[in-house]
Amino acid sequence: LSKLMADLACQEYAGAFGMKTVINRFGVISGEGQFGKSDQGWVSWWAVAFYFGLPLKYIGWQGKQVRDILFIEDVCSLVEAQLNHLDRISGEVFNVGGGPANSLSLVEGTNILREKLGRDVPFTYESQPRKADQSIYMTDNRKAERVLGWKPKIGISEGYDRILDWIKENEAHLRGIYASEQKSQPVATR
């Protein structure tokens, strides 16, 4: 509700007072430096869990729910383009995400990480989806492409490589952060 209210307030201020605003309605954002958990930041959480051998859970749809992933570098390039054209696009609303080319299910994310790291982790399954969860969501970026010439450049594989490199570079620190999860389950390998 707070996102919706902020969205509407920005639109009202832009219209009523000529305040220069741009509203981005983002899908799933991920990237290096994100301290993910199962309910937020799942793409980086999946990488952290695989790297440290932590347990994961599929909640609903047998892990086949799909989201499009937008990596932080692409968010930054979008905002930069918007700032460079603020006079022309003030008051506009953009739906922004990775789009169909960067869509990913939990099962597909699992398979990518199994391949990249050569190991598996313990999984549990909860058959009931979360309330109000959607089985498939992909963002239509056509407006951002048409108005700004912008589209995502970082693909799923490259995005996961960047996250895994970040985990490797910060392994000691991250091990401390995720230590409680690590103690509860041993590493499972192929």
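Conventions adopted
- Residues numbered from 1 in each chain as written.
- Predicted model: local features only at pLDDT ≥ 70, side-chain atom pairs only at ≥ 80, totals over all residues.
- Heavy atoms only, no water.
- Buried < 20%, exposed > 50% of the residue type's maximum accessible area, 1.4 Å probe, protein only.
- Helix = DSSP H or I, 4+ residues; strand = E, 2+ residues; numbered from the N terminus.
- Pairing = 2+ DSSP bridges.
- Salt bridge = Lys/Arg side-chain N within 4 Å of Asp/Glu carboxyl O.
- Phe/Tyr/Trp six-rings, centres within 6.5 Å; stacked < 30°, edge-to-face > 60°.
- Contact = heavy atoms within 4.5 Å.

Trainee: Please clarify how the pairing of strand β4 (residues 66–71) should be interpreted in this entry.
Mentor: The two faces of the sheet receive side chains in turn, since in a regular strand these alternate between them. Counting buried residues in β4 gives 6 out of 6 residues, a clear majority hidden from the surface. Going residue by residue along β4, you find Val 66, Asp 68 and Leu 70 tucked away on one face and Arg 67, Ile 69 and Phe 71 tucked away on the opposite face as well. Direction of pairing for strand β2 (residues 28–30) relative to β4: parallel, over a ladder of 3 bridges. Each bridged residue has a counterpart across the sheet, and for Ile 29 the counterpart in β4 is Leu 70. Taken together, the 3 bridges between β4 and strand β6 (residues 103–105) define a ladder with antiparallel strand orientation. Residue Asp 68 lies in a different strand from β6, and its bridge partner there is Ser 103.

Trainee: What should I look at first to understand the pattern of salt bridges in this one?
Mentor: Taken as a whole, this structure holds 12 salt bridges when the rule is applied. Between Asp 133 and Arg 67 there is a salt bridge, and its shortest N-O distance comes to 2.5 Å. One end of the pair, Asp 133, is in the loop between β7 (123–126) and β8 (136–137); the other, Arg 67, is in strand β4, and 66 residues separate them in sequence. What makes Asp 133 partly exposed here is its relative accessible area of 28%. A salt bridge links Lys 116 to Asp 161, with the shortest nitrogen-to-oxygen separation between them at 2.7 Å. Here the residue Lys 116 occupies a position in helix α5 (residues 106–117), and Asp 161 occupies one in helix α7 (residues 156–169), the gap between them amounting to 45 residues. Judged by relative accessible area, Asp 161 falls into the partly exposed class, the value being 34%.

Trainee: Hey, could you run me through the packing of aromatic side chains in this one?
Mentor: For the structure on display, the rule yields 10 aromatic pairs. When the ring of Trp 45 is compared with that of Tyr 178, the centres are 5.6 Å apart and the planes differ by 40°; the resulting orientation is tilted. One end of the pair, Trp 45, is in helix α2 (residues 42–52); the other, Tyr 178, is in the loop between α8 (171–177) and α9 (179–184), with 133 residues separating them in the sequence. For the pair Trp 45 and Tyr 178, one class covers both residues: buried. A centroid spacing of 4.8 Å and a plane angle of 25° characterise the contact between Tyr 58 and Phe 123, whose relative ring orientation is stacked. In this pair, Tyr 58 is assigned in strand β3 (residues 56–59) and Phe 123 in strand β7, connecting sequence segments 65 residues apart. For the pair formed by Tyr 58 and Phe 123, the shared burial category is buried. A connected cluster of aromatic rings, assembled from ring pairs, spans Trp 42, Trp 46, Phe 50, Tyr 58, Phe 123 and Tyr 125.

Trainee: For this particular structure, what's the right way to read the environment of Ala 47?
Mentor: Here Ala 47 lies in helix α2. By relative accessible area, which is 0% here, Ala 47 ends up buried. Distance from Ala 47 to Leu 148, taken between C-alpha atoms, is 32 Å for residues 101 residues apart in sequence. Setting aside chain neighbours within four positions, we find Ala 47 in contact with Leu 113, Tyr 160, Ile 163, Leu 164 and Ile 167.

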